[in-house]
Amino acid sequence: MKQDSFFDKFLRWLRYKKVIKYIPEDSVVCDIGCGSDAIFLKKISCFIKQGIGLDKEVDNFKDAHLELKQIKVFKDIPIDNETCDVVTMIAVIEHLDHPQKILNESFRILKQKGKLLLTTPTPLAKPILEFLSFKLRLVDKNEIGSHKNYFWTKDVKKMLLES
């Protein structure tokens, strides 16, 4: 397990703070790209009905409120249609080869009137993140180096409409 820097933890806290207020109590939440520790799901597990975490680095785990599945998320999501009240992708979509496919799958697993919550850096953030990562070494260089895309808001909206 890698040790996150203070700055990595701070950026994660900012993202979580933005997203957590939109998670209804007693909901079923799928966190796509939950990370090896599923930190976000563990943080909200006390007020949700069930959390499902999907990530290539997480260890398989299941208890009454949390299920973690070790999978590479690049095509189909192994969850039944209309299962989740909320799907989160927190700093994930920029790492995907086929983000449109995963967005389509996210909407498939969402219940009617469900919520998709995602965060992603814009192209304006790219030089800043690369500077913080590669020059100052304040942000994990592997995380920033694995970014495949940076999205403008209009591009995300277009992909969501296509989903």
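Quantities reported herein were computed from a predicted structural model and do not represent experimental measurements.

Enquirer: Which parts of the structure should I look at to understand the overall build of the protein chain?
Expert: From N to C terminus, the protein chain includes six helices and six strands. Starting at the N terminus and walking to the C terminus, you meet the elements of the protein chain as α-β-α-β-β-β-β-α-β-α-α-α. Taking 15 Å as the expected radius of gyration for a compact globule of 163 residues, we find that the protein chain reaches 15 Å, a close match to that expectation. Burial analysis of the protein chain (163 residues in total) assigns 41% to the buried set. The long-range fraction of contacts in the protein chain, counting pairs at least 24 apart against all pairs at least 6 apart in sequence, stands at 60%. Taken as a whole, the protein chain presents about 9,700 Å² of accessible surface, with 54% of it coming from carbon and sulfur. When the 28 positive and 23 negative side-chain charges of the protein chain are each reduced to one mean point, those points stand 5 Å apart.

Enquirer: Explanation requested: the side chain of Asp-55 in the structure shown.
Expert: With respect to the helices, strands and loops of the structure, Asp-55 is situated in strand S2 (residues 50-55). For the buried Asp-55, which has no salt bridge, the nearest side chain bearing the opposite charge is Lys-56, at an N-O separation of 6.6 Å. One polar contact links the side chain of Asp-55 to the main-chain amide nitrogen of Cys-34, over a distance of 3.4 Å. Leave out the neighbours within four places in its chain, and Asp-55 touches Gly-33, Cys-34, Gly-35, Lys-69, Gln-70 and Ile-71.

Enquirer: Looking at this model, I keep getting lost on the pairing of strand S1 (residues 28-32). Mind explaining?
Expert: Note on strand geometry: in a regular strand, side chains alternate between the two faces of the sheet. With five of its five residues buried, S1 lies for the most part within the structure. Here five bridges tie S1 to S2, and the two strands are oriented parallel to one another. Bridge pairing in S2 places Asp-31 opposite Gly-53. Pairing geometry for S1 and strand S5 (residues 84-90), over three bridges, is parallel. Bridge pairing links Cys-30 to Val-87 in S5.

Enquirer: How do you make sense of the side chain of Ser-133 when you look at a structure like this?
Expert: The topology assignment puts Ser-133 in helix H4 (residues 125-135). Looking at Ser-133, its side chain comes within polar contact range of the main-chain oxygen of Val-139, at 3.2 Å.

Enquirer: Would you explain the environment of Phe-40 in this entry?
Expert: Note on placement: Phe-40 falls in helix H2 (residues 39-44). By relative accessible area, Phe-40 is classed as buried at 0%. A sequence separation of 24 residues divides Phe-40 from Tyr-16, and the C-alpha atoms of the two residues are 7.1 Å apart. Beyond its immediate sequence surroundings of up to four residues, Phe-40 is in contact with Tyr-16, Val-19, Ile-20, Ile-23, Asp-31, Thr-88 and Ile-90.

Enquirer: Where do I start with the sheet that holds S1 in this structure?
Expert: Strands belonging to one sheet form pairs held by backbone hydrogen bonds; the direction of such a pair is parallel or antiparallel. The strand order S3-S4-S2-S1-S5-S6 describes an open sheet built from six strands, whose pairing is mixed. At either end of the open sheet lies a strand with only one pairing partner, and these are strand S3 (61-62) and strand S6 (110-119). In terms of strand pairing, S5 meets S6 through six bridges, oriented parallel. Bridge assignment links Val-86 to a residue of S6, and that residue is Lys-115. On the sheet, helix H1 (residues 6-20) packs against S5 and S6 and is oriented at approximately 155° with respect to S5.

Enquirer: Before we go on, may I ask you to explain the pattern of salt bridges in this structure?
Expert: Where side chains of opposite charge bring their charged atoms close, a pairing between them can arise. Throughout the structure, instances matching the rule amount to nine salt bridges. Notably, a salt bridge pairs Glu-67 with Lys-69, separated by 3.9 Å at the nearest N-O pair. A single network of salt bridges, built from pairs that share partners, joins Lys-62, Glu-67 and Lys-69.

Each value, and the rule that gives it
Residues numbered from 1 in each chain as written. Predicted model: local features only at pLDDT ≥ 70, side-chain atom pairs only at ≥ 80, totals over all residues. Heavy atoms only, no water. Helix = DSSP H or I, 4+ residues; strand = E, 2+ residues; numbered from the N terminus. Rg over C-alpha atoms; globule rule 2.2 N^0.38 Å. Buried < 20%, exposed > 50% of the residue type's maximum accessible area, 1.4 Å probe, protein only. Contact = heavy atoms within 4.5 Å. Areas by Shrake-Rupley, 256 points an atom, 1.4 Å probe, with all protein chains shown as cover. Lys, Arg positive; Asp, Glu negative; His and termini not counted. Charge placed at Lys NZ, Arg CZ, Asp CG, Glu CD. Salt bridge = Lys/Arg side-chain N within 4 Å of Asp/Glu carboxyl O. Polar contact = N/O pair within 3.5 Å; in protein donor to acceptor, adjacent residues only side chain to side chain. Pairing = 2+ DSSP bridges. Axes fitted to C-alpha atoms, helices over the stretch in contact; angles between N-to-C directions.

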